[in-house]
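So you can see what is in the structure, the chains are spelled out below.
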Amino acid sequence: MILKNRFLSPIVFLLLLIGSDAVNAQQDAQYTQYMYNTMSVNPAYAGSRGQFSAAALYRSQWVGLDGAPETFTLNLHSPIRNSKLGYGISVIQDNIGDGVVSETYFDAVVSYTIDVSLEGKLSFGLKAGGNLLNLDFNGLRNFDVEPVNIDNIENKFSPNVGLGIYYHTNKFYAGLSAPNLLQTEHFDNSRTDSNSVQFLSKERINFYFITGYVFDLGGNLKFKPALLTKVVGGAPLQVDASASFLFNEKFSFGAAYRWDAALSGLVGFQITDQLMLGLAYDRETTALGGTQFNDGSFEVFLRFELVKSFQKLVSPRFF
């Protein structure tokens, strides 16, 4: 137990430094199965599948480390019949440090789509809502770190708005978005005493670019490369590249690489016309990935759609 606490101390210390002078930016959660979880990063995706769609994703990062990040997302969206509008709701819940840091985002989403060619559609998205932040510094007493003189934060509300644009055909898609436009300062206990610890947590704007294509290889086999790029001030550029194969529109498998961070494996199953299951596993390529305390990161994705036939969908099962 002593060994575990000593190993976790740097991780808890990093939690305390989120958004401080030592760490200039706080990033949004990351997803390996971003190609299925698009509405979490781009509101213009709402309604693009042509039917009511409910998608949930759970990510457990760095399994084996107590207090490692966990993320849950839930997206419900649908087009409005006989109109160019789509709507939905998005919920994202992050938990770090076994409840030390807990943040919940909830947003209402609306999109407007126009035809730009025989196959191409261009969507504009807007979301509005907010987030609730909880910081329980009493939980740090379980770890071997210096006590922090700061009050807990309970359900602090901060408003949020986000924008996105999304272009897609039956085989290609590309989107640009900024899901959190307001740079909210959560707390600051700065003091004149030079020996005191200073904390400043600020939500920075994260910019996303996402794209992908579906190649028909024949024989019921399709090839689906995808790319996600995330840019945020004060943090390293994040680039996720994936390549997967779809067989008989039922089973998919592939691999992904997060630049200078992780290698991943992905599998997906179209269980029924309405239900899809996706699984992903990440292994860190950094020094953290080689430790005995880190068993990698896992994701589970589940999508349910109210359809009788995928012929009614825009780009069925592809994205």
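Going by the structure above, here's the rest.
Residues numbered from 1 in each chain as written. Predicted model: local features only at pLDDT ≥ 70, side-chain atom pairs only at ≥ 80, totals over all residues. Heavy atoms only, no water.

Novice: Please explain the pattern of salt bridges as it appears in this structure.
Specialist: Pairs may arise between side chains of opposite charge once their charged atoms sit close together. Tallied over the full model, the rule gives nine salt bridges. Among the salt bridges present, the one from Arg59 reaches Asp282, with a minimum N-O distance of 2.9 Å. Taken together, the positions of Arg59 in strand β1 (residues 53-60) and Asp282 in strand β16 (residues 275-284) put the pair 223 residues apart, joining distant regions of the chain. Of the residues examined, Arg59 reaches a relative accessible area of 2% and is grouped as buried. Asp282 gets classed as buried once you look at its relative accessible area, which sits at 2%. Asp240 serves as the salt-bridge partner of Arg258, at 2.8 Å between the closest nitrogen and oxygen. Here the residue Arg258 occupies a position in strand β14 (residues 251-258), and Asp240 occupies one in strand β13 (residues 238-247), the gap between them amounting to 18 residues. Its relative accessible area of 4% is what places Arg258 among the buried residues. Note on Asp240: relative accessible area 4%, which makes it buried. Linked through salt bridges whose partners overlap, the residues forming this network are Arg59, Asp240, Arg258, Asp282 and Glu299. (Salt bridge = Lys/Arg side-chain N within 4 Å of Asp/Glu carboxyl O. Helix = DSSP H or I, 4+ residues; strand = E, 2+ residues; numbered from the N terminus. Buried < 20%, exposed > 50% of the residue type's maximum accessible area, 1.4 Å probe, protein only.)

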